[in-house]
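Spelled out from the first residue to the last, the chains are:
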Amino acid sequence: MLFSVIVPMYNASKSIRLCLDSILRQNFDDYEVIIINDGSTDDSESICREIAHGNDKVLLYTFENGGVGKSRKRGIQRARGDFLVFVDVDDFISPDLLNTLAGIIEFQGDVELIRYHSNLINDDEHKNHQRYNSDVNLNIPMTGLDALRAWTDATDSSKKYALYWLFAFKATLFKKVAPMPELRCYEDVAYIPLLIASAEMVISTDYVGYNYVCNTSGSLTNSQNIDKQRTRAYDFYYAYLYAVNSMRRLPNIPIDYLAWFDLDYRRRLVSYFDSLPDSLKDEFTVIYNV
């Protein structure tokens, strides 16, 4: 099997049909869909059971609520595909995403990670609509270390790459890196750079394969509750520590590269601190050492 499409799910009854329909309408057949129901309390599970009935591509697993990071980990553990694609329940993928990825894999042979572009739906008109996309070195094989440098824009803090849904990962990459951190938030910030750095061949394409629905109501990252903002601030700090410490433990990383990565993630930490409300800055000044 070439692809496992992993869908972590929690209380997504309003969006899960569109999400799964976009996966099941792919013009490519060699894949499975793994839904990890993270203790949903709405109709999400029954909707998924209805969709999975009679369709052996769709596998549904239900657990007590543990957070999206744990759900991804559970999906990875159950995946049978050579490559893993992640889709959030509020979003949907383009109909020929898997077929396009399969073509790149066939052409490139040893590729371990493929980055594609995203389309942002309902995005804030004042934001950079291309903040999850990169046009650097398109269709040119890179090492993971070179890709991290290419995708880092120190002049534009809105540019981001640490998102699971931006990539197709070769499943064996997850065996090269230390276990995923136990974080409720920003686990991708902690872990994805390590996956990229461990890849021997990376390809970036401008194919728009993912449709990200912005400003989803109820999203943890959109909550303005001060206690949740405090929790996220702690998680971002732990993600920062995990990333820089784990990068140092990866084999064959040059010293000058480690220095660059430490500096870049320090920059990200300071930028996150600057975005905190004033009511939290006093609390996190010492923790963030800013």
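These numbers come from a predicted model, not from an experiment.

(A) Expanded view of the sheet that holds strand S6 (residues 113-121). Read across the open sheet, the eight strands follow the order S3-S2-S1-S4-S7-S6-S8-S5; overall the sheet is mixed. Lying at the two open borders of the sheet, with one neighbouring strand each, are strand S3 (58-63) and strand S5 (92-93). Where helix H3 (residues 68-78) meets the sheet, it contacts strand S1 (3-9), strand S2 (31-38), S3 and strand S4 (83-86), and its direction lies at approximately 145° from that of S2.

(B) Layout of the pattern of salt bridges. A complete count under the given rule lists 15 salt bridges for this structure. As a salt-bridge pair, arginine 248 and aspartate 262 come within 2.8 Å of each other at their nearest N and O atoms. A residue pair is termed long-range when its members are at least 10 positions apart, and arginine 248 in helix H8 (residues 226-249) and aspartate 262 in helix H9 (residues 255-275) qualify at 14 residues. Accessibility expressed as a relative area gives 44% for arginine 248, which makes it partly exposed. Residues aspartate 264 and arginine 267 are paired through a salt bridge, measuring 2.5 Å at the closest nitrogen-oxygen approach. Placement of the pair is aspartate 264 and arginine 267 together in helix H9, with a separation of three residues, close to one helical turn. Here aspartate 264 falls in the buried class, since its relative accessible area comes to 5%. On the basis of relative accessibility, which here comes to 25%, the residue arginine 267 falls in the partly exposed class. One continuous salt-bridge network, built from bridges that share partners, spans Asp227, Arg230 and Glu283.

(C) The arrangement of the packing of aromatic side chains in detail. Counted by the stated rule, this structure contains 27 aromatic pairs. Judged by centre distance (6.1 Å) and plane angle (55°), the rings of tyrosine 237 and tyrosine 238 are tilted. Ring plane angle 25° and centroid distance 4.7 Å describe the contact between phenylalanine 261 and tyrosine 265, whose orientation is recorded as stacked. Pair noted here: phenylalanine 261 and tyrosine 265 are both in helix H9, with a separation of four residues, about one helical turn. Here phenylalanine 261 matches tyrosine 265 in class, with each residue buried. Here the aromatic cluster, defined as three or more aromatic residues joined through ring pairs, consists of Phe86, Trp151, Tyr164, Phe167, Phe169, Phe174 and Tyr191. One cation-aromatic arrangement involves arginine 74 over phenylalanine 63; the distance from NZ or CZ to the ring centre is 4.2 Å.

(D) Broad picture of helix H7 (residues 187-198). Taking 1.5 Å per residue, 12 residues should reach 16 Å; H7 reaches 17 Å between its end C-alpha atoms and fits that length. For H7, the complete set of buried residues consists of Glu187, Asp188, Val189, Ala190, Tyr191, Ile192, Pro193, Leu194, Leu195, Ile196, Ala197 and Ser198.

(E) Seen up close, the pairing of strand S8 (residues 202-213). With two bridges joining them, S5 and S8 adopt antiparallel strand pairing. Each residue of the ladder has a partner; that of isoleucine 93, found in S8, is tyrosine 210. Alignment of S6 against S8, held across eight bridges, turns out to be parallel. The residue of S8 that forms the bridge with arginine 115 is serine 204.

Thresholds, definitions, all that
Residues numbered from 1 in each chain as written. Predicted model: local features only at pLDDT ≥ 70, side-chain atom pairs only at ≥ 80, totals over all residues. Heavy atoms only, no water. Pairing = 2+ DSSP bridges. Helix = DSSP H or I, 4+ residues; strand = E, 2+ residues; numbered from the N terminus. Contact = heavy atoms within 4.5 Å. Axes fitted to C-alpha atoms, helices over the stretch in contact; angles between N-to-C directions. Salt bridge = Lys/Arg side-chain N within 4 Å of Asp/Glu carboxyl O. Buried < 20%, exposed > 50% of the residue type's maximum accessible area, 1.4 Å probe, protein only. Phe/Tyr/Trp six-rings, centres within 6.5 Å; stacked < 30°, edge-to-face > 60°. Lys NZ or Arg CZ within 6 Å of the ring centre and 35° of its normal. Expected span 1.5 Å × (residues − 1).

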